[in-house]
Amino acid sequence: VLGEMRNWLGSARAGTCSFRVLGAEQSLTQRASDTHRFDHRDEIQGMAGKVQLMKGDEAKEAAIDILFDIYMLSRANFLVGTLTSQIGRIAAGLKKAVGYPPAAGSPP
């Protein structure tokens, strides 16, 4: 997904806006999300349920991935989506609580 987003937005401009695509390619949490299937009722579980089953280095890598996601999402000027993800909700709450200064050109 990251590579696709870079191809679409990497050099895009819209008026005075420019876009940057940041992230880790093929992280453990991305691979776990890629296998998430909503059409199989017995397989529906969020990232927390998947991480709970991990051990050792895999669990450590997942924790680092999740903290990176929370940090990066909390720094975003715009979050688009339903925020059904616990990670997304934490990031949005962190942004609101910390009150990062808006980037130049951000709406109020």
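None of these values were measured; they are calculated from a predicted model. Residue positions are counted from 1 within each chain, in the order its sequence is given. Selection of residues for local features in this predicted model requires a pLDDT of at least 70, selection of side-chain atom pairs for listing and counting requires 80 or more, and totals for whole chains, interfaces and linings are taken over all residues. Where side-chain values are given, they derive from all heavy atoms of the structure, hydrogens and water being excluded.

Engineer: Sorry if this is basic, but what is going on with helix α4 (residues 56–74) here?
Structural biologist: Side chains that are three or four residues apart share a direction in an α-helix, a result of its 3.6 residues per turn. Its 19 residues place the ends of α4 27 Å apart at the C-alpha level, agreeing with the 27 Å of an ideal helix rising 1.5 Å per residue. Three exposure classes are used, based on accessible area relative to the maximum for each residue type with a 1.4 Å probe and protein chains only: buried under 20%, partly exposed in between, and exposed over 50%. Numbering of helices and strands starts at the N terminus; helices are DSSP runs of H or I of at least 4 residues and strands are runs of E of at least 2. Restricting attention to buried positions, one finds in α4 the residues Ala-62, Asp-65, Ile-66, Ile-70 and Ser-74. Looking straight down α4, one finds its buried side chains confined to an arc of 155°; they lie on one side. Facing away from the buried side of α4, by more than 90 degrees, are the exposed residues Asp-57, Lys-60, Ile-64 and Leu-67. In a helix, the anticipated span is given by 1.5 Å times the number of residues less one. Directions pointing from the helix axis toward each C-beta atom define the arc.

Engineer: Looking at this structure, how should I read the environment of Leu-94?
Structural biologist: Mapping Leu-94 onto the fold places it in helix α5 (residues 86–98). For the pair formed by Leu-94 and Ser-74, sequence separation is 20 residues and the distance between their alpha carbons is 6.1 Å. By definition, residues are in contact when any of their heavy atoms lie within 4.5 Å. In this structure, Leu-94 is in contact with Ile-70, Ser-74 and Gly-99, ignoring residues within four places of it in sequence.

Engineer: In this structure, what is going on with the confidence of the model for the protein? I would like to understand it.
Structural biologist: Keep in mind that low pLDDT regions are not for reading the predicted coordinates in detail. On a range of 0 to 100, pLDDT expresses the predictor's confidence in each residue. Chain-level statistics for the protein give a pLDDT mean of 75 and a share of 73% at 70 or above. Across the protein, α4 holds the top mean pLDDT of 87, while helix α2 (residues 28–34) sits lowest at 69.

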